[in-house]
Amino acid sequence: PYGSRAERKAQTDARRAKVQKPVSVHAPYAIERCDSCHDTFSGQLNRTVEAGLCASCHPTMPAPTHFLHGPVAARACLQCHLPHSSQIVKLLTAEDPALCLQCHQRGDLSSPPHDTIEITSACLLCHDPHGGNDRYFLKPTELDDGTEPG
């Protein structure tokens, strides 16, 4: 049902030829190491993302923090990232803030400090998308002397 390895490679090459040169490419995909994630014969994933497929190569993701973003906690990496290549950095499925607004409501942004920020501002300037030690996933900021607070 999945065709031979040569047929699957030809299909992949044809898809690649149609797509603009991507901004970011998953390293195994770039070097044609499909077997890092897929069974060589069937083309099926070696295991699901939720069962730790991504974690097998990215064991430190996410970093240990007190709070995890919902998709990260559920190992739902594909909620935000594409598996092969993307026109957006870090294999993201959409630009920030559009990516965040797929799940988070604009109404959530009506209280300070968001009420004074342009809705087109990038969420990721202040928030870590994977989680953090603050329940709002705020990134540490540098103090005037170059050190981090706390």
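Just above sits the structure.
Residues numbered from 1 in each chain as written. Predicted model: local features only at pLDDT ≥ 70, side-chain atom pairs only at ≥ 80, totals over all residues. Heavy atoms only, no water.

K.L.:
Explanation requested: the overall build of the chain in the structure shown.
P.N.:
Counting its regular elements, the chain contains 4 helices and 4 strands. Listing every helix and strand of the chain by position from the N terminus yields α-β-α-β-α-β-α-β. Counting all 150 residues of the chain, 18% fall into the buried class. Once local pairs closer than 6 in sequence are excluded, the contacts in the chain between residues at least 24 apart make up 48%. Surface exposure of the chain reaches about 10,900 Å², of which carbon and sulfur atoms provide 59%. (Helix = DSSP H or I, 4+ residues; strand = E, 2+ residues; numbered from the N terminus. Buried < 20%, exposed > 50% of the residue type's maximum accessible area, 1.4 Å probe, protein only. Contact = heavy atoms within 4.5 Å. Areas by Shrake-Rupley, 256 points an atom, 1.4 Å probe, with all protein chains shown as cover.)

K.L.:
Explain the pattern of salt bridges here, please?
P.N.:
Any two side chains of opposite charge can pair, given that their charged atoms come close. Scanning the entire structure with this criterion turns up 1 salt bridge. Here Arg33 makes a salt bridge to Asp35, at a shortest N to O gap of 3.1 Å. Among the residues examined, Asp35 registers a relative accessible area of 34% and is labelled partly exposed. (Salt bridge = Lys/Arg side-chain N within 4 Å of Asp/Glu carboxyl O.)

K.L.:
When you look at unusual backbone geometry in this model, what are you seeing that I'm missing?
P.N.:
Trans is the prevailing form of peptide bonds, just as negative phi is the prevailing case for residues other than glycine. Residue Met61 is joined to Pro62 through a cis peptide bond whose omega torsion reads 0°. Mapped onto the fold, Pro62 is located in the loop between helix H2 (27–30) and strand S2 (67–68). Following Asp96, the chain continues into Pro97 via a peptide bond in cis, with omega recorded as 10°. With a phi close to 55°, Glu32 is a non-glycine residue in the positive phi region. Along the chain, Glu32 falls in the loop between H2 and S2. On the basis of relative accessibility, which here comes to 40%, the residue Glu32 falls in the partly exposed class. Despite not being glycine, Leu91 shows a phi value in the positive range, around 60°. As for its position among the elements, Leu91 is in the loop between strand S3 (85–86) and helix H4 (98–101). Leu91 gets classed as buried once you look at its relative accessible area, which sits at 12%.

K.L.:
I tried to follow the nonpolar core on my own but got confused; where do I start?
P.N.:
For soluble globular proteins, nonpolar side chains are generally found buried alongside one another. Listed in full, the 5 residues of the largest apolar core are Cys80, Ile88, Leu92, Ala94 and Leu99. Setting aside anything within four residues of it in sequence, one finds Leu92 in contact with Cys80, His81, Leu82, Ser86 and Leu99. (Core = buried A, V, L, I, M, F, W, Y, C linked by side-chain atoms within 4.5 Å.)

K.L.:
Where do I start with the environment of Phe41 in this structure?
P.N.:
Structurally, Phe41 is set in the loop between H2 and S2. Sequence separation of Phe41 and Arg5 is 36 residues, and the distance between their C-alpha atoms is 6.6 Å.

K.L.:
Which parts of the structure should I look at to understand the side chain of His26?
P.N.:
Looking at the secondary structure, you find His26 in the loop between strand S1 (24–25) and H2. A polar contact is formed between the side chain of His26 and the backbone oxygen of Pro83, at a distance of 3.4 Å. Other than its neighbours up to four places away in sequence, His26 contacts Cys37, His58, Pro83, His84 and Leu91. (Polar contact = N/O pair within 3.5 Å; in protein donor to acceptor, adjacent residues only side chain to side chain.)

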